[in-house]
Amino acid sequence: MADNGIINMDGLMRISLLGGQARAFLVESTHMVEKARQIHHLSRTATAALGRTLTAASVLGCMLKGADESVTCRIDGGGPLGLLLAVAKNDGSVKGFAAHPEVDPPRRGEKLDVGAAVGRNGLLTVIKDMHMRDPYVGQVELMSGEIGEDFAMYFTSSEQTPSLVSLGVLVGDTVEAAGGLVIQMMPGASDVAIKSIELSAGMFMDISKTIQTDHLDGALFQLLSHLEPEVLSRQTIQYKCDCSRERVERALISLGEKELREMIDEQHGAEVDCHFCNTRRRFTEAELEALLRQAKGGV
Ligand SMILES: [Zn+2]
């Protein structure tokens, strides 16, 4: 899959339903998840698990108001995949990683056993950094480790917004399709509106298949046309890491003089890996000496 940005861009639609009684976020994230698979050499099960997490994070990111704000989703279920982490911003950029990307437990029938890989004894934590003094932190216990249900529980109990969440990744040798649908009831929604969305829940569950055949516009028609959809906005989403050598330099400086001195004297240099994009940056002794001078307050 070529990485030329424009053609391979995924998208997210914000939709009003039933005259504003509910809202939906419909996501096509195929290329984003494929890029994560390539960067992290994810197993099929890890692709599904991290892909669902990245897709959910893209929705949370697009819910943020400010350009510099970010949301971090941590899933720590105690399973063999270890920690899953995804970070998103409201410009549609998303990045993440899985602690043990090679883990691939046996399938359960036809299905990848995401719940077993993630684990079911742990927490989903959502941290929103909105440049306030303290970040917002919401946390729920995992329901099933299948991730969709876990995010539904997060929205419903932690944000007090009753929500349906469907997340899906179809993965063969590469990612064939990935997507998500989040439907949220708005305050004052009528019982009839709630009922009609609940009755539709079954059709939403195969979201990756729908995205594969119909893409965003087709999925909108297939899944939501009976709920008076009105598209409010569309935006692109993509896997993107915002790390840079300059940022790593600042982080090294912030370690302080003692740590930098040790790196120079004992390791004769440093290698710093970015967990999100696997870029390795090397620093020579001379470069570390220059950073040490800055740490001491010189230039
Ligand atoms: Zn990076």
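Numbers given for residues are sequential positions, taken from 1 along each chain in its written order. Given that this is a predicted model, residues contribute local features only at a pLDDT of at least 70 and side-chain atom pairs are listed and counted only at 80 or more, while totals for whole chains, interfaces and linings are drawn from all residues. The side-chain numbers reported here are obtained from all heavy atoms of the structure, hydrogens and water having been left aside.

## Some remarks on the overall build of the protein chain
Phase 1: Looking only at helices and strands, the protein chain has 9 helices and 12 strands in total.
Phase 2: Two things to know: the radius of gyration comes from C-alpha atoms, and the globule rule equals 2.2 Å times the number of residues to the power 0.38. Here the C-alpha atoms of the protein chain give a radius of gyration of 21 Å, agreeing with the 19 Å that 2.2 N^0.38 yields for 299 residues.
Phase 3: Along the longest, intermediate and shortest principal axes, the C-alpha atoms of the protein chain span 70 × 45 × 40 Å.
Phase 4: Think of it in three bands: with a 1.4 Å probe and only protein chains considered, a residue is buried below 20% of the maximum accessible area for its type, exposed above 50%, and partly exposed in between. Expressed as a percentage of the 299 residues in the protein chain, the buried residues total 51%.
Phase 5: Within the protein chain, residue pairs in contact and separated by at least 24 positions form 64% of the contacts whose partners lie at least 6 positions apart.
Phase 6: Looking at the protein chain as shown, the accessible area adds up to about 14,400 Å², and 51% of this sits on carbon and sulfur atoms.
Phase 7: Neither His nor the chain termini are counted; the positive set is Lys and Arg, and the negative set is Asp and Glu. The atoms used to mark charge sites are NZ of Lys, CZ of Arg, CG of Asp and CD of Glu. Charge separation in the protein chain, taken as the distance between the mean sites of 30 positive and 41 negative side-chain charges, equals 2 Å. The helix and strand labels rest on DSSP assignments: H or I over at least four residues marks a helix, E over at least two residues marks a strand, and numbering proceeds from the N terminus. When checking whether two residues touch, look at their non-hydrogen atoms; a contact exists if any pair is within 4.5 Å. Every accessible area reported is derived by Shrake-Rupley at a probe size of 1.4 Å, with residue values counting cover from the shown protein chains alone.

## What to know about the nonpolar core
Phase 1: The definition of a nonpolar core used throughout is a set of buried Ala, Val, Leu, Ile, Met, Phe, Trp, Tyr and Cys residues joined through side-chain atoms within 4.5 Å. Membership of the largest hydrophobic core comes to 59 residues, with the highest contact counts inside it found for Leu84, Val118, Ile147 and Phe151.
Phase 2: Among the elements that line this core, the one with the most residues is helix H2 (residues 44-63), at 11 residues.
Phase 3: Just so you know, the domain bounds were taken from an automatic or database domain assignment. Of the domains in this structure, domain 1 (10-239) and domain 2 (245-295) are the two that each give at least three residues to this core.
Phase 4: Among all residues touching Val118, those that are not within four sequence positions of it are Ala49, Ile75, Gly77, Gly78, Gly79, Leu81, Leu84, Leu142, Gly145 and Ile147.

## Here we look at the confidence of the model for the protein chain
Phase 1: You can read pLDDT as the predictor saying how much it trusts each residue, on a scale of 0 to 100. A residue-level look at the protein chain finds 97% of positions with pLDDT of 70 or above and a mean pLDDT of 94.
Phase 2: Confidence drops under pLDDT 50 across residues 1-6; counting only partners more than four residues distant or on other chains, this segment forms 8 contacts.

## Comments concerning the coordination of the zinc ion
Phase 1: For Na, K and Ca the donor cutoff is 3.2 Å, while for all other metals N, O and S atoms must lie within 2.8 Å; water is not among the atoms, so some sites may look incomplete. Taken together, Cys241 (SG), Cys243 (SG), Cys274 (SG) and Cys277 (SG) make up the full set of protein donors to the zinc ion, lying 2.2 to 2.3 Å away.
Phase 2: Along the chain, the residues that donate to the zinc ion are spaced as C-x1-C-x30-C-x2-C. With Cys243 in the loop between strand E10 (230-239) and helix H7 (245-255) and Cys277 in the loop between strand E11 (270-273) and strand E12 (280-283), the pair connects residues that are 34 residues apart, well separated along the chain.

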